[in-house]
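Coordinate inspection notes
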Amino acid sequence: MNFRRTLFATATAAVLAVAALPLTTTAQTILKAADVHPAGYPNVVAIESLGRKLEAATNGKYKLQMFPSGVLGGEKEMIEQTQVGAINILRTSLGPLGTVVPDVQVFNMPFVFRNEAHMRAVIDGPIGQELLDKITASPAKMVALGWMDGGSRSLYTKKLVKTPADLKGQKVRMMGNPLFVDTMNAMGGNGIAMGYGEVFSALQTGVLDGAENNPPSMFTSNHYTAGAKFYAQTNHLIIPEIFVMSKVTWEKLSKDEQALVVKFSREAQLEQRALWDKSVAEYTAKLKAAGVEFVAVDQKPFYDATAPVRAKYGAPYADLIKRIEVTK
Ligand code: GTR
């Protein structure tokens, strides 16, 4: 065999080998997803499933890479990164989103929902879809993909709190949004806006006397090991959570790919809800086993004390609030 023939045969084999490679090794786009919660948390698990389904349905054209535990920053910073397309898919509370999309503030108001079932009925109905559409249509540069459950937020403090008077002088961490600082101040304490990732050391060093959250977050953030041993069931905030895609990313998808994202988002929402209910029970039990005392409190004084917050933030949305109230 002469040299030129060998060379030709080798080159042909190489071309054929490349042609036979599966699509996954050609142009794969990594979708960066981010969450403040750790791996294994319901919200993180559900977004990872969405990613796996999208990868399979597009023959590996898209692959989701999850950045959990706030490694890309707090929710405020992650929202900013999503707006410019540095994060492609973000799961966040509506809390910090309220400073960017004012229309979501109604959902951030204390005691706007009677209970979690009421909140679910609202987000599952026309109001929920309208709000997702408003976020997408706003200048926030995000496409709202779906809702997630965040349960009810209650107070956890180093000293037992049962009434607004017990909160006097207590420095309590709230999410970064003036509405929440106003809420804590109205409830009787001193609201301090702070990123989720800073709360643990602030509790340890005494910068904070307490914080507020749902049981899965209280457990997975380890806040209960930093001295906050009393969980007073005020249920003052029932804030749904959301997951969004950066508009920069969305606009690069074909219509078919967008339809796949919508379909898998719907499934992710349902998956998270099922996991959420289990995780609340599981983490409540773990907190109790670790010595956290769950204390039933009368919500009425906290509800009454926060009326001015609802009046202030709800004023431009009177019709929407009425529709929420009558939702069964
Ligand atoms: C959690 C919520 C997070 C984040 C966090 C916080 O319950 O899932 O998205 O908002 O609370 O308090 O910052």
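Check the entry above for the structure.
Residues numbered from 1 in each chain as written. Predicted model: local features only at pLDDT ≥ 70, side-chain atom pairs only at ≥ 80, totals over all residues. Heavy atoms only, no water.

1. Things to note about the overall build of the protein chain
- Helix and strand counts for the protein chain come out as 14 helices and 11 strands.
- If you line up the protein chain on its principal axes, its C-alpha atoms span 95 × 45 × 30 Å.
- Put simply, the protein chain has 328 residues, and 50% of those count as buried.
- Summed over its atoms, the accessible surface of the protein chain is roughly 14600 Å², and 60% of this surface lies on carbon and sulfur atoms. (Helix = DSSP H or I, 4+ residues; strand = E, 2+ residues; numbered from the N terminus. Buried < 20%, exposed > 50% of the residue type's maximum accessible area, 1.4 Å probe, protein only. Areas by Shrake-Rupley, 256 points an atom, 1.4 Å probe, with all protein chains shown as cover.)

2. Quick notes on helix H14 (residues 318-326)
- All buried positions along H14 are accounted for by Leu 320, Ile 321 and Ile 324. One side of H14 holds all its buried residues, which, seen down the axis, span an arc of 100 degrees. Seen from the open side of H14, the exposed residues pointing more than 90 degrees away from its buried face are Asp 319, Lys 322 and Val 326.
- Elements in contact with the buried residues of H14: helix H5 (116-124), helix H6 (126-137) and helix H13 (307-314). (Arc of directions from axis to C-beta. Contact = heavy atoms within 4.5 Å.)

3. Considerations on the pattern of salt bridges
- Evaluation of the coordinates by the stated rule reveals 18 salt bridges.
- Of the charged contacts in the structure, one is a salt bridge between Arg 91 and Asp 35, with a shortest N-O distance of 2.7 Å. Here Asp 35 lies in the loop between strand E1 (29-34) and helix H2 (42-57) and Arg 91 lies in strand E3 (residues 89-93), a separation of 56 residues in the sequence. Assigned by exposure class, Arg 91 and Asp 35 land together as buried. (Salt bridge = Lys/Arg side-chain N within 4 Å of Asp/Glu carboxyl O.)

4. Observations concerning the nonpolar core
- One finds Leu 94, Val 106, Phe 107 and Ile 242 to be the most contacted residues of the largest nonpolar core, which totals 54 residues.
- Sequence-distant contacts of Val 106, defined by excluding residues within four places in its chain, comprise Val 112, Tyr 317, Leu 320, Ile 321 and Ile 324.
- Counting 23 residues, the second-largest nonpolar core is a separate cluster that includes Ala 33, Ala 46, Ile 47 and Trp 250. (Core = buried A, V, L, I, M, F, W, Y, C linked by side-chain atoms within 4.5 Å.)

5. Re the side chain of Asn 43
- Assignment of secondary structure puts Asn 43 in helix H2.
- Looking at Asn 43, the relative accessible area reads 0%, which means it is buried.
- At a separation of 2.8 Å, a polar atom in the side chain of Asn 43 contacts the side chain of Glu 241.
- In terms of polar contacts, Asn 43 uses its side chain to reach the side chain of Gln 272, at 2.9 Å.
- Each residue touching Asn 43, except ones within four places of it in the same chain, is listed here: Asp 35, His 37, Arg 91, Met 148, Glu 241, Gln 272 and Trp 276. (Polar contact = N/O pair within 3.5 Å; in protein donor to acceptor, adjacent residues only side chain to side chain.)

6. Quick notes on the site of the ligand
- The local shell around the ligand holds 13 residues, among which His 37, Glu 75, Arg 173, Asn 213 and Glu 241 are the closest.
- With respect to the ligand, the side chain of Arg 153 contributes an N or O atom lying 2.8 Å from an oxygen atom.
- A distance of 3.1 Å is found between an oxygen atom of the ligand and a side-chain nitrogen or oxygen belonging to Ser 217.
- Within the complex, the protein chains bury 98% of what would otherwise be the 320 Å² of accessible surface of the ligand.
- The class makeup of the residues in the shell around the ligand is 3 nonpolar, 5 polar and 5 charged. (Near = heavy atom within 4 Å. Nonpolar A, V, L, I, M, F, W, Y, C, P; charged D, E, K, R; others polar.)

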